[in-house]
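A look at the structure
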Amino acid sequence: MTRSKIVVLTTGGTIASQLDASGRNRSGALKGETLLAQVSLPSDFTAQVEVRSLLQKPSNAITFEDLLGLREACLNIAAQDDVLGIVITHGTDTLEETAYFLDITLPVGKPVVLTGSQRAPHEPGTDAFCNIADALKVAASSQAAGLGPLVVFNQSIFAARQVRKVSTFQVHGFAAPDTGPLGYVDGAQVRLSAIPQRPAGTPLPIESAMPRVDILPAYLGASPSLIEAAVASGAVGLVIEGLGRGHVPPDWMQAIANVTARGIPVMVVSSCASGPVHASYEFIGSLASLESAGVMPVTDLSARKARLALSTLLASTGAQPLAERVKLLAA
Ligand SMILES: NC(=O)C[C@H](N)C(=O)O
């Protein structure tokens, strides 16, 4: 009888770093097979582990094409009867973006678990092997099925929508600032105590190339010329990373109104790590004034995730108008 298997897709990152002959750290160079050969699993872990080295990149170099390739690979692998789940190893810098893209574009079903590491496999006290082992345990767990992509890091299990990188170097590199983790990996045990809400309207189909959507951070004294510059140089959608409840400097309002009048979709999220955007005020540059100018508020998503959502929505035609489809996804 063939054993059920977990397929591990490796994409690079610190977790796949390797020293070259001159002792320089080559981020993402290590092949998946070499990496997985050093992972130890509990004696009762019975699934077979199959490894595919998909990419050899630091995660700042991941592109839309890479995301589409990863999605395709997940769809094909999940369709195989003997596959229990999928693990993706990834650089931590953009891990939450890849996880969220898969969250909104893959049908829920078999577990898809992303992990990475803060310390390279050759560094003392590396978190690479324990994070991979924990991700494999979660991918093999029936509790993880149907939850959408999960991120496993430093023994915590997070939902793709909620997770953020919170430390540039420490091994507790990820957190879900609003909700906390869904659960933990405790030795051989996978303990899931919360179920993430699935975004309505997903999975989103992808019918054409994902277009350029830019992020515009609002900050004290930020120039409104950023808005025009983004559109003039080819952005077909914008995500404003707003202040607090979703605010911008007052002198942004005219440029924003010009852009929305041209039919360019604009979303606003908060730059705060937690809490929803909300029309709590009436001043110029408030969320209320942005909404009157046609800007779509998006709650509980970082700018980086909202930008992927908008680009993905623009890559497909839906039965409903874009604003309705944004509302479904952003609720
Ligand atoms: N810890 C890491 O993986 C960071 C690395 N720069 C990456 O994202 O590829």
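Residues numbered from 1 in each chain as written. Predicted model: local features only at pLDDT ≥ 70, side-chain atom pairs only at ≥ 80, totals over all residues. Heavy atoms only, no water.

**A word on the packing of aromatic side chains**
Put simply, the test is: Only rings of Phe, Tyr and Trp enter the pairing, Trp through its six-membered ring, and a pair is recorded when the two centres are within 6.5 Å. The plane angle decides the type: under 30 degrees is stacked, over 60 is edge-to-face, the rest tilted. By the criteria applied, helices consist of DSSP H or I runs no shorter than four residues and strands consist of E runs no shorter than two, each listed in order from the N terminus.
Counted according to the given criterion, the structure contains 2 aromatic pairs. Ring geometry for Phe153 versus Phe174: centroids 4.8 Å apart, planes at 55°, classification tilted. Taken together, the positions of Phe153 in strand β7 (residues 150-153) and Phe174 in strand β10 (residues 174-175) put the pair 21 residues apart, joining distant regions of the chain.

**Considerations on the site of the ligand**
This is how the line gets drawn: Residue proximity to a molecule or strand is established when one non-hydrogen atom of the residue lies within 4 Å of it. Any pair of N or O atoms that falls within 3.5 Å is considered a polar contact. Within protein, one atom must be able to donate a hydrogen and the other to accept it, and sequence-neighbouring residues count only if both atoms are side-chain atoms. Nonpolar residues are Ala, Val, Leu, Ile, Met, Phe, Trp, Tyr, Cys and Pro. Charged residues are Asp, Glu, Lys and Arg, and all others, Gly as well, are polar.
Taken together, Gly13, Thr14, Pro58, Ser59, Gly91, Thr92, Asp93, Ser117 and Gln118 make up the full set of residues adjacent to the ligand. In this structure, Gln118 approaches the ligand through a side-chain N or O atom, which is 3.5 Å from a nitrogen atom. Looking at side-chain class alone, the shell around the ligand contains 1 nonpolar, 7 polar and 1 charged residues.

**Quick look at the sheet that holds strand β13 (residues 213-217)**
Here is the rule we go by: For two strands to be treated as a pair, DSSP must find no fewer than two bridges joining them.
Strand order in the open sheet formed by 4 strands is β13-β14-β15-β16, and the pairing between neighbours is parallel. Unpaired on one side and paired on the other, β13 and β16 (296-297) mark the two borders of the sheet. The pairing of strand β15 (residues 266-270) with β16 spans 2 bridges and is classified as parallel. By the bridge assignment, Met267 is partnered in β16 with Met296.

**Observations regarding the pattern of salt bridges**
Once the charged atoms of two side chains with opposite charge are near each other, the side chains can pair. Heads up, the condition is: Whenever Lys or Arg places a side-chain nitrogen within 4 Å of a carboxyl oxygen from Asp or Glu, that contact is recorded as a salt bridge. Exposed residues in this analysis have more than 50% of their type's maximum accessible area, buried residues have under 20%, and partly exposed residues fall in between, with area computed by a 1.4 Å probe over protein chains only.
Throughout the structure, instances matching the rule amount to 14 salt bridges. With a shortest N-O distance of 2.6 Å, Asp66 and Lys57 are connected by a salt bridge. The buried category is assigned to Asp66, whose relative accessible area is 13%. For Lys57, a relative accessible area of 22% gives the class partly exposed. Here the residues in one salt-bridge network are Lys5, Glu50, Arg52 and Asp82, joined through shared partners.

**Notes on the UniProt feature "domain: Asparaginase/glutaminase C-terminal" (unreviewed entry) in the protein**
Spelled out, the test is: UniProt positions are given in the numbering used here, feature names are shortened, and annotations may be inferred rather than shown by experiment.
According to UniProt, the feature "domain: Asparaginase/glutaminase C-terminal" (unreviewed entry) maps to residues 212-317 in the numbering used here. End-to-end, the C-alpha atoms of residues 212-317 are 16 Å apart, and along that stretch the chain is 33% helix and 17% strand.

**A look at the pairing of β15**
Rules: If you view a crossover with the strands going away from you and the path from the first strand over the helix to the second runs clockwise, you call it right-handed.
For β15, the tally of buried residues reaches 5 of 5 residues, placing the bulk of the element in the interior. Residues Val266, Val268 and Ser270 of β15 are buried on one face, and the alternating residues Met267 and Val269, pointing to the opposite face, are buried as well. Bridge count for strand β14 (residues 237-242) against β15 is 5 bridges, and the pairing is parallel. Each residue of the ladder has a partner; that of Glu241, found in β15, is Val269. Regarding topology, helix α6 (residues 253-261) serves as the crossover connection from β14 to the parallel β15, and that connection is right-handed. Tracing the backbone out of β15, into helix α7 (residues 287-292) and back to the parallel element β16 gives a crossover that is right-handed.

**Quick look at the sheet that holds strand β5 (residues 83-89)**
Cut-off, in case you're wondering: Orientation is described by lines fitted to C-alpha atoms, with helices fitted over the stretch in contact, and by angles between N-to-C directions that extend from 0 to 180 degrees. We call two residues contacting when some pair of their heavy atoms lies within 4.5 Å.
With mixed pairing, the 8 strands of this open sheet are ordered in space as β4-β1-β5-β6-β7-β8-β11-β12. Looking at the sheet topology across the chains shown, the edges are occupied by β4 (48-57) and β12 (189-192). Geometrically, the sheet is characterised by an average inter-axis angle of 25° between neighbouring strands, direction not taken into account. Relative to strand β6 (residues 112-115), β5 runs parallel, the two sharing 4 bridges. Opposite Val87, over in β6, you have Val113 as the bridge partner. Sheet strands touched by helix α3 (residues 95-105): β5, β6 and β7. Its angle to β6, the strand with the most contacts, is close to 170°. Sheet strands in contact with helix α4 (residues 128-139) are β1 (5-12), β4, β5, β6, β7, β8 (156-159), β11 (183-186) and β12, and its direction is about 150° off that of β5.

**Points about unusual backbone geometry**
The omega angle of the peptide bond from Thr202 to Pro203 is 0°, so this bond is cis rather than trans. Mapped onto the elements of the fold, Pro203 is located in the loop between β12 and β13. Positive phi, close to 75°, is recorded for Gln155, a residue that is not glycine. Relative to the helices and strands, Gln155 is located in the loop between β7 and β8. According to the relative accessible area criterion, Gln155 is partly exposed, its value standing at 42%.

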